[in-house]
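A closer look at the structure
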Amino acid sequence: MSTIIHSNGVNMRRTIRLGKLVWIALVLLLGSFSSLLAQAGDNVSEYSLKAAVVFNMPLFTEWPSTTNTIETKITFNLCVYGETPLLDALRQLEGKQLKGGKLVVVSVNDRANLELCHALVVPKGMTNPGRAALIHKLQNQSTLVIAEDAEPPPDQVMINLIMEDGKVTFQANPELAKSAGLKLSSKLLRLAKVVYPL
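Below: a short report on this structure. Numbers given for residues are sequential positions, taken from 1 along each chain in its written order. Selection of residues for local features in this predicted model requires a pLDDT of at least 70, selection of side-chain atom pairs for listing and counting requires 80 or more, and totals for whole chains, interfaces and linings are taken over all residues. Values shown for side chains rest on all heavy atoms present in the structure; no hydrogens or waters enter the calculation.

**With respect to the overall build of the chain**
Scanning the chain from terminus to terminus reveals seven helices and ten strands. Taken over 198 residues, the chain has a buried fraction of 46%. For accessible areas, the Shrake-Rupley method is used with a probe of radius 1.4 Å. Any residue's cover is judged against the shown protein chains and nothing else. Only carbon and sulfur atoms are counted for the fraction: they give 53% of the accessible area of the chain, which is about 10100 Å². Helix and strand definitions here come from DSSP, where helices need a minimum of 4 consecutive H or I residues and strands a minimum of 2 consecutive E residues; each element is numbered from the N-terminal end. Each residue's exposure class comes from its accessible area (1.4 Å probe, protein chains only) as a fraction of the maximum for that residue type: buried when under 20%, exposed when over 50%, partly exposed otherwise.

Structure below.
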């Protein structure tokens, strides 16, 4: 393998690794979980794995054609609410093509600044009341809400990421997504550990 010399070599190597993880996560979501997770390597961080999976979730989601011109827009805005190490991992993927536009990762700390979010990541540790208030703010827009280890019950979010035995699994709520004008792919739902409502 050739060596890449770059003034910011650490970030370059990290970006290359995350690029591989994005490809691996895409294949995982298409159905080959066990064998390909091993290819990611034992030293891959929890947040790198989660970032790769988060990146692929929109690929298995349909937005209404009238939503922020999702099919013709210049950017896909992936918002991250509050503080989480996942933000830095997602920023390594910024600029990649996603749903017809370049991925832009946006850090938001105010519920008043959510109108441009095509997808929103809710951080680990956010309480149910706080999460409910955030979801309420999004009720009139088609935003894919992805939580990170949400407190039970996770019925306020469309996708809930769970880390188990070094692997990322998830719960899905297609009815909640439908209420926001979104459709989760049947392929995605078949891979969910739990599909709500039960």
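**With respect to helix 3 (residues 46-56)**
Count 3.6 residues to each turn of an α-helix, and residues three or four apart come out pointing the same way. When you tally the buried positions in helix 3, you get nine out of eleven residues, the bulk of the element. Buried within helix 3 we find Ser48, Leu49, Lys50, Ala51, Ala52, Val53, Val54, Phe55 and Asn56.

**Brief notes about the state of the cysteines**
Disulfide: a covalent bond formed between the sulfur atoms of two cysteine residues. Any two cysteine sulfur atoms lying within 2.5 Å of each other are counted as a disulfide. Summed over the entire model, instances satisfying the criterion amount to one disulfide. Sulfur-sulfur distance for the disulfide between Cys79 and Cys117 comes to 2.1 Å. On the sign convention where negative is left-handed, the bridge of Cys79 and Cys117, at about -95 degrees about the S-S bond, is left-handed. Taken as a pair, Cys79 in strand 2 (residues 75-81) and Cys117 in the loop between strand 4 (101-108) and strand 5 (119-122) lie far apart in primary sequence, 38 residues in all. Taken as a pair, Cys79 and Cys117 share a single burial class, namely buried.

**What about the pattern of salt bridges?**
Here, a salt bridge means any Lys or Arg side-chain nitrogen found within 4 Å of an Asp or Glu carboxyl oxygen. Per the stated rule, a full pass over the model turns up six salt bridges. Notably, a salt bridge pairs Lys50 with Glu46, separated by 2.7 Å at the nearest N-O pair. In this pair, Lys50 and Glu46 both sit in helix 3, four residues apart, roughly one turn of the helix. Using a relative accessible area of 24% as the deciding quantity, one classes Glu46 as partly exposed. Between Lys50 and Glu148 there is a salt bridge; the shortest N-O distance is 3.4 Å. Taken together, the residues span a long stretch of sequence, with Lys50 in helix 3 and Glu148 in strand 6 (residues 144-148) at a distance of 98 residues. The residues Lys50 and Glu148 share a single accessibility class, namely buried.

**Thoughts on the sheet that holds strand 8 (residues 167-172)**
Pairing between strands is defined by DSSP: at least two bridges between the two strands are required. Sheet architecture is open: eight strands sit in the order 3-4-2-5-6-7-8-10, paired in mixed fashion. The open sheet has two edge strands with one neighbour each: strand 3 (97-98) and strand 10 (194-195). Relative to strand 10, strand 8 runs parallel, the two sharing two bridges. In the strand pairing of strand 10, Ala172 is matched with Val195.

**Some thoughts on the pairing of strand 5**
On strand 5, burial covers both faces: Ala119 and Val121 on one face and Leu120 and Val122 on the other are all buried. Summarising the sheet, strand 2 and strand 5 pair through three bridges and their orientation is parallel. Paired with Leu78 across the bridge in strand 5 is Ala119. Where strand 5 lies against strand 6, four bridges are found, and the strand directions are parallel. Note on strand 6: the bridge partner recorded for Leu120 is Val145.

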